[in-house]
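# Survey of secondary and tertiary structure
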Amino acid sequence: MKKNIFFVFGLALLLSGCAGEFNKVFKSQDYDYRYEYAKQCFAEGKYNQTVSLLQDMVTMLKGGDYAQESLYMLAMAQYMSRDYESASQTFKKYGTSYPKGIYAEKAAYYVGESLFESAPEPRLDQTPTIGAINAYQQFLDAFPDSELRPEATRKLYELQDKLIMKEYLSAKLYYNLGGYFGNINANNESNYSSCIITAQNALKTYPFTKLREDFSLLIMKSKFQLAENSSDERRLERYRDAEDECYGFINEFPDSENKSTAERYIAKCKKITKD
């Protein structure tokens, strides 16, 4: 028991001493000393302390020997402490201030990395995702021969997949809402039409997506539902459109597990259009 008490007391003294040393450095007007201490903190993984020291100093160090290194180190410390929003802004600031600087390539890459880390799940607003895609693309354009190119490209595609998934979830939601109320009404028809438009636009934007069949299936099913519940004046037109969509689905995905659904729809469409 006594050993534990002495250990806790000793640890408290050690932490107090460390905090006292940091406060002493933080208040010092010797910027060379403060900067070297900030570098030491960064090397030891004390990123929050590094940020605290450098935030006040980067402006003062601008134009001096430590200007580039201090700004880049601040950005990296923010990134390592998971303050991704601040990190992205500081990396951008480095790129603007030193477009041909010694850390320009990595700064450009880490703008994308910072935004990548803050990109939300597909159901949420994808503004950070779009920002990360743009940042990676700018990096690839500016540094086409970079060793970081493969990783940036991989993550760019991963982010695009997230945007595609959001479009798919939106289209699927429209489809599910379309049949929610049972009998067709203006809202149902609007939802099926919105599903078709959302899925078609996604396929135009991302023609080689892995979800191509899923989007195509939603389009086919929505067109059939529109025909099934259509008014008399548009009934034949919509059944013919649905039938064409079914044939197009089978031609593009002949081995699809949903082929039988398409064939069932075709049989129903033929029966209506021939009567």
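Predicted model, so just to flag it, every value in this text is computed and none were measured.

### Considering the overall build of the protein chain
From N to C terminus, the protein chain includes 13 helices and zero strands. Overall, the protein chain shows an N-to-C arrangement of helices and strands of α-α-α-α-α-α-α-α-α-α-α-α-α. Residues classed as buried in the protein chain amount to 39% of the 275 residues present. A separation of at least 24 residues holds for 54% of the contacts in the protein chain among residues at least 6 apart in sequence. Accessible area of the protein chain: about 16400 Å², with a carbon and sulfur share of 51%.

### As for the packing of aromatic side chains
For the structure on display, the rule yields 19 aromatic pairs. The interplanar angle of 5° and the centroid separation of 4.5 Å between the aromatic rings of Y72 and Y103 together place this pair among those described as stacked. Linking Y72 in helix α5 (residues 67–80) with Y103 in the loop between α6 (84–97) and α7 (104–117), this pair joins segments that are 31 residues apart in sequence. Between Y94 and Y98, the ring centres sit 5.2 Å apart and the planes meet at 50°, which makes this aromatic pair tilted. Accessibility classification places Y94 together with Y98 in one group, the buried group. Over the face of the ring belonging to F116 we find K155, whose NZ or CZ atom lies 4.9 Å from the ring centre.

### Focus on α6
The end-to-end C-alpha separation of α6 is 20 Å, in line with the 20 Å expected for 14 residues at 1.5 Å each. Listed as buried for α6 are Y84, A87, S88, T90, F91 and Y94. Viewed along the axis of α6, the buried residues span an arc of 170°, placing them on a single side of the element. Of the residues in α6, the exposed ones pointing more than 90 degrees away from the buried face are E85 and T96.

### Considerations on a negative patch on the surface
A cluster of acidic residues, D30, D32, E36 and D65, forms a negative patch on the protein surface. Looking at where D32 falls in the secondary structure, it is placed in helix α2 (residues 31–43). For D32, a relative accessible area of 45% puts it in the partly exposed group.

### Topic: the state of the cysteines
Across all of its chains, the model carries zero disulfides by this definition. Counting only cysteine sulfurs, C269 is the nearest neighbor of C246, a cysteine outside any disulfide, at a range of 5.4 Å. According to the relative accessible area criterion, C246 is buried, its value standing at 0%. Its relative accessible area of 0% is what places C269 among the buried residues.

### Regarding the environment of K271
Tracing the backbone shows K271 in helix α13 (residues 259–274). According to the relative accessible area criterion, K271 is exposed, its value standing at 55%. In sequence terms K271 and Y239 are 32 residues apart; their C-alpha atoms lie 9.8 Å from each other.

### Points about the confidence of the model for the protein chain
Predicted confidence across the protein chain gives a mean pLDDT of 89, with 87% of residues reaching 70 or more. Predicted confidence is poor over residues 5–17, with pLDDT under 50, and the contacts of this stretch with residues over four places away or in other chains come to zero contacts.

Reading the values: rules and limits
Residues numbered from 1 in each chain as written. Predicted model: local features only at pLDDT ≥ 70, side-chain atom pairs only at ≥ 80, totals over all residues. Heavy atoms only, no water. Helix = DSSP H or I, 4+ residues; strand = E, 2+ residues; numbered from the N terminus. Buried < 20%, exposed > 50% of the residue type's maximum accessible area, 1.4 Å probe, protein only. Contact = heavy atoms within 4.5 Å. Areas by Shrake-Rupley, 256 points an atom, 1.4 Å probe, with all protein chains shown as cover. Phe/Tyr/Trp six-rings, centres within 6.5 Å; stacked < 30°, edge-to-face > 60°. Lys NZ or Arg CZ within 6 Å of the ring centre and 35° of its normal. Expected span 1.5 Å × (residues − 1). Arc of directions from axis to C-beta. Patch = residues over 30% accessible without salt bridge, like charges linked within 9 Å, V, L, I, M, F, W, Y side chains within 5 Å. Salt bridge = Lys/Arg side-chain N within 4 Å of Asp/Glu carboxyl O. Lys, Arg positive; Asp, Glu negative; His and termini not counted. Charge placed at Lys NZ, Arg CZ, Asp CG, Glu CD. Disulfide = S-S within 2.5 Å. pLDDT = per-residue confidence, 0-100.

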